[in-house]
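Working through the structure, step by step
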Amino acid sequence: MTEKRLAPLYVVPTPLGNLGDLSARQRDILTCVDWIAAEDTRHCALLFQHLKIPGNKCFAAHAHNEQAIAERIVVRLSAGESGALISDAGTPAISDPGARIVARVRAAGGVVIPLPGPCAAVTAISASGLPDAHWLFYGFLPPKSGQRRTALVALQAFPHALVFYEAPHRVTASVADMAVILGEQRTLVLARELTKRFEQIHALPLGEARAWLEADAQRQKGEFVLIVSGARVARETAEADRILRLLLEEMPTKQAARLAAAITDIPRNTLYERALALQSRKQQTPS
Ligand code: SAM
């Protein structure tokens with residue numbers, strides 16, 4: 001007797017905010033599968049309306065019922081029904097439910113077919129301008145400051161960029177803790193409301209981030225990815241600043257940037273921008 005194969009489970013990323021980001025393949029799969037397991041069925045209503053998918057094709061698969069729903073999914077796949085797994089936005093199982101369902105389907109001998117697509121961390125990294133070739137995706141830090149600081153201490157020496165997700169009501173407290181534990185010199189890239197109307201991507205020293213957020217309530221609204229440069233980059237930047245400050249006392253900006261580039265191996269243009277920033281900060285500081 002031949003063993004009955006399970007129908008495939010598709011893992012389908014959905015737009016972070018802009019429905020135009022839905023790919024043709026995502027659209028086809030969501031339209032063609034027999035059912036859709038969604039993190040929040042109400043949240044997906046807009047997407048389903050857009051795709052003209054009837055609401056009754058969908059059932060809830062969230063963090064609190066994931067284990068039980070995984071069993072139900074295996075039964076339906078065994079019956080030959082294909083299905084798709086989606087979360088509220090972005091890629092399922094990335095700081096979202098989905099991993100348990102995928103593991104259960106694979107354990108049952110099923111085929112899981114992932115589609116590429118929107119992910120806030122990757123979207124933010126692509127526009128961060130941080131030159132580091134490596135980065136660590138951390139996701140959400142603990143909500144309480146004490147535990148958050150402990151988690152950050154464990155990341156202090158990590159030499160590459162760190163990528164965090166954060167909720168709007170915690171973003172100010174989080175960047176303040178990051179500045180204390182990781183150091184004020186590091187570069188922070190705030191990527192807010194990606195793909196949406198009020199999208200904003202802003203880079204600044206971590207030590208200035210709290211004041212920048214507090215200067216305008218609008219800056220604290222929406223969804224955030226926070227990217228912090230790694231310990232190695234922070235050390236290099238601090239060293240480059242030290243060299244630039246010394247050279248700027250003795251020579252014009254362009255010459256200082258050229259010499260500092262020869263000493264540090266950091267691109268001359270980067271150091272020229274840095275030198276201008278140091279000079280303007282010096283002018284703003286009351287003597
Ligand atoms: N699975 C999603 C993904 O692939 O990115 C992440 C889901 S997680 C529950 C939600 C968090 O992702 C938000 O709190 C925020 O940190 C980040 N995020 C989601 N959409 C975003 C957006 N449009 N702009 C910035 N960050 C976003």
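Whatever comes next refers back to the structure up there.
Residues numbered from 1 in each chain as written. Predicted model: local features only at pLDDT ≥ 70, side-chain atom pairs only at ≥ 80, totals over all residues. Heavy atoms only, no water.

Its twelve residues give helix α10 (residues 253-264) an end-to-end C-alpha distance of 16 Å, which sits within 8% of 16 Å, the value for a rise of 1.5 Å per residue. Of the residues making up α10, those classed as buried are T253, A256, A257, A260 and A261. Seen end-on, α10 carries its buried residues on one side only, within an arc spanning 135 degrees. In α10, those exposed residues whose orientation departs by more than 90 degrees from the buried face are K254, A262 and I263. Among the structural elements, α9 (231-250) and α11 (268-284) are those in contact with the buried residues of α10. Note on α10: the residue one or two positions beyond its end, D265, has a positive phi of about 75 degrees. (Helix = DSSP H or I, 4+ residues; strand = E, 2+ residues; numbered from the N terminus. Expected span 1.5 Å × (residues − 1). Buried < 20%, exposed > 50% of the residue type's maximum accessible area, 1.4 Å probe, protein only. Arc of directions from axis to C-beta. Contact = heavy atoms within 4.5 Å.)

Attention now moves to the site of the ligand. Of all residues adjacent to the ligand, which total 19 residues, the nearest are I94, D96, A120, Y165 and F224. A89 is positioned such that a nitrogen or oxygen atom in its backbone is 3.4 Å from a nitrogen atom of the ligand. Between T91 and the ligand, the recorded distance is 2.8 Å, taken from a backbone N or O atom to an oxygen atom. Calculation on the ligand without its partners gives an accessible area of 570 Å², and the protein chains cover 91% of this total. (Near = heavy atom within 4 Å. Polar contact = N/O pair within 3.5 Å; in protein donor to acceptor, adjacent residues only side chain to side chain. Areas by Shrake-Rupley, 256 points an atom, 1.4 Å probe, with all protein chains shown as cover.)

Moving on: the sheet that holds strand β3 (residues 58-60). On the basis of which strands lie adjacent, the open sheet formed by five strands has the order β3-β2-β4-β1-β5 and parallel pairing. A single partner strand is all that each edge strand has here, and the edge strands are β3 and β5 (112-114). Each neighbouring strand pair of the sheet contributes to a mean axis angle of 25 degrees, computed without reference to strand direction. Judged from the three bridges that link them, strand β1 (residues 9-11) and β5 form a sheet pairing that is parallel. Residue pairing for β5: L9 is matched across the bridge by V112. (Pairing = 2+ DSSP bridges. Axes fitted to C-alpha atoms, helices over the stretch in contact; angles between N-to-C directions.)

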